[in-house]
Amino acid sequence: MKRLCLQSDPSWTGERIDKFLAEVMQDYSRSFLQKQFKEGNITVNGKPAKASLKVGDDDEIVVFLPENQEPDIEPEDIPLDVLYEDDQLLVVNKPKGMVVHPSAGHYSGTLVNALMYHCKDNLSGINGVLRPGIVHRIDMDTTGALVVCKTDTAHQSLAQQLKVHSITRRYRAIVHGNIKKDTGTVEGTIGRHPVERKKMAVNVRGGKEAVTHFKVLERFGNYTYIECRLETGRTHQIRVHLSSIGHPLLGDNLYGPKKCPFPFLQGQTLHAMVLGFQHPVSGEYMEFTAPLPEYFEKLLEKLRG
């Protein structure tokens, strides 16, 4: 059995332990975690825990994981565009087409494979071997700034900042259609699409609160260049929200038109440009800007043409 040790923090006090574990161990299904409770493989302060147990202040939660539940993930010498690095964390500018962490069908060539080579053993272990250091993610075809945690202390701090929506996340996007308002806010819960399981949808049963603010930067007739600011961070949030108001992202054939008018595009035109947060040790606010990728600049030139 593999021993995974987690420390609760005050923000989780009073919450059910199964909810806490589902949040911090997202690589594992709820049914898998429930099975571990039943088999006595989860302890709190040294005693076997039930799923309904409420989390207390500074509880030591240990999960004993069966061996061979996950494939071995190998370090790979893949170049990284590092925007910042210290002994607690690093901020990388993720390229288009790179998957953030391994999953079915993507066990190599991911950001995690590259991080394991770059950082050696210095990555937080809270999310298990599939997601070492990963506290948040962006889609494969979304580019831009992503923070990676080297220590569990950094991971817990950044996770808490994400939870209370204090992290600055500003994206650049090009959408179909002419957005008439200069600024606006899209609100609507986001959850798994009831029929098309690869998609997310707004206002579905069981969806989570989601808020996206946008500001128009330029208009190009049938397209609009905008900045989006996330208040929450749901899966596919910007893509789903903008599609729900009739302005899907250019190149997004999952939530928009199947055919793209610009053949050189690969996936949605979305870039995580600005990322800001409090440093987990110093408490200093830090902000990083990932420059627009070449394909995005090329597309803007064409539209301004």
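Just so we're clear, the structure is a prediction, and the values are computed from it rather than from any experiment. (Residues numbered from 1 in each chain as written. Predicted model: local features only at pLDDT ≥ 70, side-chain atom pairs only at ≥ 80, totals over all residues. Heavy atoms only, no water.)

Caption draft 1: Inspection of unusual backbone geometry at higher detail. Unlike most non-glycine residues, N45 shows phi in positive territory, near 55 degrees. Relative to the helices and strands, N45 is located in the loop between β2 (42-44) and β3 (47-48). For N45, a relative accessible area of 45% translates into the label partly exposed. Located in the positive-phi region is D58, a residue other than glycine, with phi close to 55 degrees. Among the secondary structure elements, D58 is positioned in the loop between β3 and β4 (60-65). Of the residues examined, D58 reaches a relative accessible area of 54% and is grouped as exposed. (Helix = DSSP H or I, 4+ residues; strand = E, 2+ residues; numbered from the N terminus. Buried < 20%, exposed > 50% of the residue type's maximum accessible area, 1.4 Å probe, protein only.)

Caption draft 2: Expanded view of the packing of aromatic side chains. By the definition in use, this model includes six aromatic pairs. Taking 5.8 Å as the distance between ring centres and 55 degrees as the angle between the ring planes, the aromatic pair formed by Y225 and F296 counts as tilted. With Y225 in strand β13 (residues 223-230) and F296 in helix α6 (residues 294-304), this residue pair connects regions lying 71 residues apart in the sequence. On the numbers, 5.8 Å between centres and 55 degrees between planes, the contact of Y295 with F296 is tilted. Like F296, Y295 is buried. (Phe/Tyr/Trp six-rings, centres within 6.5 Å; stacked < 30°, edge-to-face > 60°.)

Honestly, that's just the spatial picture; any functional story needs more than this.
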